[in-house]
Amino acid sequence: MTETSPQIHSTPPTPSDAQLESVPLTAEHLLTNRRSEPSGGWRRLVWLLSGKKIIPSESAAEIERRTLIAQAQTPVARGHHRIAVMSLKGGVGKTTTTAALGNTLASLRGDRVIAIDANPDRGTLGLKVKSETAATIRTLLAEAPHILRYADARAFTSQSPARLEILASDTDPAVSEAFNAEDYRTVAGLIERYYSICITDCGTGLLHGAMGATLDLADQIVLVSLVAVDGANSAAATLDWLNAHGHADLARNAIVVLNAVEPKTDVDLDLLERHFATRCRTVIRIPYDPHLKEGAEVDLARLRPTTRGAYLRLAAAAGQAFSLHPDRSH
């Protein structure tokens, strides 16, 4: 009787979790010359000393920065997004915040970003960029029927090195006072055709002519407060007013900026932040910066690294709302 050799059935090894992990077949992952070179610090030193062959792993801070940049670069749903920067109290850095936020977004994105001055009391947004034209929001309104393409609109704006465009207001308070809700809607309609993001530097009052239209059309608001008792109370009162006048959604999804205009303060920042964190979407602290204290053109390159980082967090927070589809049925 012939013995039959037993058949041996080999069981294939179970793939490990590492083997099951899918590796994206993109140029960034597969081509070593496509990996981002270190921007500075010891990682760049190692990279240079290795003949640009070794790229050490990113630090937690670098990973966070890359995440924030990606959020600021979020594509805009429906093609246009409006941000209203406001405060009930003057002198809190509202216009500076408008310019710095706009510059940060414009420097990171490939689409067009514009900031417009809707302040009825001689707004100063035009001072935050080197002037390229004497045109104002009033002259834009006068020529509105003839603006048929982007080049026509660009003739009325000045552009910063970061590619932010600014549409200035009239310097004569008597003229700019006439800027009303219908005027704002006309300008907003023109801007919507040619720009992806419009940041409006609002006046300090809540009842002036253009404010109603600004809030009706806004997709989100940035509420600027001084790091001071009176500034915090004014910001809180603004949220109360918004909630009481049909803008509860804007208040709930607002970004509150705690703006330090002095190097030192006795205000409990943690307590201040906790208060507003319970009332709005997020709170961003902007540290004191001597460049901003000058009150002139806002140049991102002249800001301290901590200040640039704070504005990046602000831009990222704003960017988180870009993918939403707001109700524009007003």
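Residues numbered from 1 in each chain as written. Predicted model: local features only at pLDDT ≥ 70, side-chain atom pairs only at ≥ 80, totals over all residues. Heavy atoms only, no water.

Examining the overall build of the protein chain
And then number 1: When you go through the protein chain residue by residue, the secondary structure sums to 15 helices and eight strands.
And then number 2: The long-range fraction of contacts in the protein chain, counting pairs at least 24 apart against all pairs at least 6 apart in sequence, stands at 77%. (Helix = DSSP H or I, 4+ residues; strand = E, 2+ residues; numbered from the N terminus. Contact = heavy atoms within 4.5 Å.)

With respect to the packing of helix H9 (residues 181-194) against helix H10 (residues 209-217)
And then number 1: Where H9 contacts H10, the two axes come as close as 7 Å, and the packing angle between them is 40°. Classified by the angle their axes make, H9 and H10 are oblique. Contact residues: H9 offers Ala-181, Tyr-184, Arg-185 and Ala-188, while H10 offers Gly-209, Ala-210, Ala-213, Thr-214, Asp-216 and Leu-217. (Axes fitted to C-alpha atoms, helices over the stretch in contact; angles between N-to-C directions. Parallel < 35°, antiparallel > 145°, perpendicular 65-115°, else oblique.)

Some details on the side chain of Ser-158
And then number 1: Within the secondary structure, Ser-158 sits in strand E3 (residues 158-159).
And then number 2: A distance of 2.8 Å separates a polar atom in the side chain of Ser-158 from the backbone nitrogen of Glu-132.
And then number 3: In contact with Ser-158, not counting residues within four places along its chain, are Val-129, Lys-130, Ser-131, Glu-132, Thr-133, Leu-164, Glu-165 and Ile-166. (Polar contact = N/O pair within 3.5 Å; in protein donor to acceptor, adjacent residues only side chain to side chain.)

What to know about empty space enclosed by the protein
Left-over empty space is what a probe sized like a water molecule reveals as it rolls over the atoms.
And then number 1: The full count for this structure, using the stated rule, is two cavities of 30 Å³ or more.
And then number 2: Of the volumes computed, that of the largest cavity is approximately 60 Å³.
And then number 3: Along its surface, the largest cavity is lined by Ile-114, Leu-140, Ile-147, Ala-153, Phe-156, Thr-157, Leu-167, Leu-190, Ile-191, Tyr-194 and Tyr-195.
And then number 4: Looking at the lining of the largest cavity element by element, the count peaks at three residues for H9.
And then number 5: Residues that form the lining of the largest cavity fall into these classes: 10 nonpolar, one polar and no charged. (1 Å grid on protein atoms, 1.4 Å probe; cavity = no way out; pocket = protein on both sides within 12 Å on 5 of 7 lines; lining within 4 Å. Points joined across faces, edges and corners; volume = space filled by probe spheres on them. Nonpolar A, V, L, I, M, F, W, Y, C, P; charged D, E, K, R; others polar.)

Focus on the sheet that holds E3
And then number 1: With mixed pairing, the eight strands of this open sheet are ordered in space as E3-E4-E2-E5-E1-E6-E7-E8. Both outer strands of the open sheet, E3 and strand E8 (282-286), are each paired with one neighbouring strand and no more.
And then number 2: Note: strand E1 (residues 81-86) against strand E5 (residues 197-202), five bridges, orientation parallel. The partner of Ile-83 across the bridge, within E5, is Ile-199.
And then number 3: Each of E1, E5 and strand E6 (220-226) touches H10; the most contacted strand, E1, lies at about 135° to it.
And then number 4: In this fold helix H13 (residues 269-277) packs onto strand E7 (255-259) and E8, with an angle of close to 150° to the strand it touches most, E8. (Pairing = 2+ DSSP bridges.)

Things to note about the confidence of the model for the protein chain
And then number 1: Of the residues in the protein chain, 85% reach a pLDDT of 70 or more, and the chain-wide mean stands at 86.
And then number 2: Within the model, the stretch residues 17-21 combines pLDDT values under 50 with two contacts to residues more than four positions away or in other chains. (pLDDT = per-residue confidence, 0-100.)

Digging into unusual backbone geometry
And then number 1: The backbone phi angle of Lys-52 is positive, close to 65°, even though this residue is not glycine.
And then number 2: Following the sequence through the fold, Lys-52 ends up in the loop between helix H3 (41-49) and helix H4 (60-72).
And then number 3: If you check the backbone angles, Arg-78 has positive phi at about 60° while not being a glycine.
And then number 4: With respect to the helices and strands, Arg-78 occurs in the loop between H4 and E1.

Observations regarding the nonpolar core
And then number 1: Counting 38 residues, the largest nonpolar core has Ile-83, Leu-105, Ile-199, Val-222 and Leu-314 as the members making the most contacts within it.
And then number 2: Secondary structure elements with two or more residues in this core: E1, helix H5 (94-108), strand E2 (113-118), E5, E6, E7, E8 and helix H15 (305-319).
And then number 3: Considering each element in turn, this core owes the most residues, six residues, to H15.
And then number 4: In this view, Ile-199 contacts Ile-83, Val-85, Thr-98, Leu-101, Gly-102, Leu-105, Val-113, Ile-114, Ala-115 and Ile-116; residues no more than four positions away in its chain are not counted.
And then number 5: Counting residues in each nonpolar core, the second largest holds 25 residues, with Leu-206, Ala-218, Val-227 and Ala-254 among its members. (Core = buried A, V, L, I, M, F, W, Y, C linked by side-chain atoms within 4.5 Å. Buried < 20%, exposed > 50% of the residue type's maximum accessible area, 1.4 Å probe, protein only.)

Remarks on the environment of Ala-277
And then number 1: Tracing the chain through its elements places Ala-277 in helix H13.
And then number 2: With 25 residues separating them in the primary sequence, Ala-277 and Arg-252 have C-alpha atoms 9.9 Å apart.

Remarks on the pattern of salt bridges
And then number 1: Tallied over the entire structure, the rule returns 13 salt bridges.
And then number 2: For the salt bridge of Asp-249 with Arg-252, the shortest nitrogen-to-oxygen distance reads 2.1 Å. Of this pair, Asp-249 and Arg-252 both sit in helix H12 (residues 248-252), three residues apart, which is roughly one turn of the helix.
And then number 3: Glu-294 is paired through a salt bridge with Arg-302; the nearest N and O atoms lie 2.9 Å apart. (Salt bridge = Lys/Arg side-chain N within 4 Å of Asp/Glu carboxyl O.)

With respect to the packing of aromatic side chains
And then number 1: Using the criterion set out here, one finds one aromatic pair in the structure.
And then number 2: Between Tyr-150 and Tyr-195 the ring centres are 5.8 Å apart and the planes differ by 70°, which places this aromatic pair in the edge-to-face class. Highlighted residues: Tyr-150 in helix H7 (residues 150-154) and Tyr-195 in the loop between H9 and E5, separated in sequence by 45 residues.
And then number 3: On the basis of relative accessibility, which here comes to 22%, the residue Tyr-150 falls in the partly exposed class.
And then number 4: Its end group placed over the ring of Tyr-150, Arg-112 keeps NZ or CZ at 3.5 Å from the ring centre. (Phe/Tyr/Trp six-rings, centres within 6.5 Å; stacked < 30°, edge-to-face > 60°. Lys NZ or Arg CZ within 6 Å of the ring centre and 35° of its normal.)

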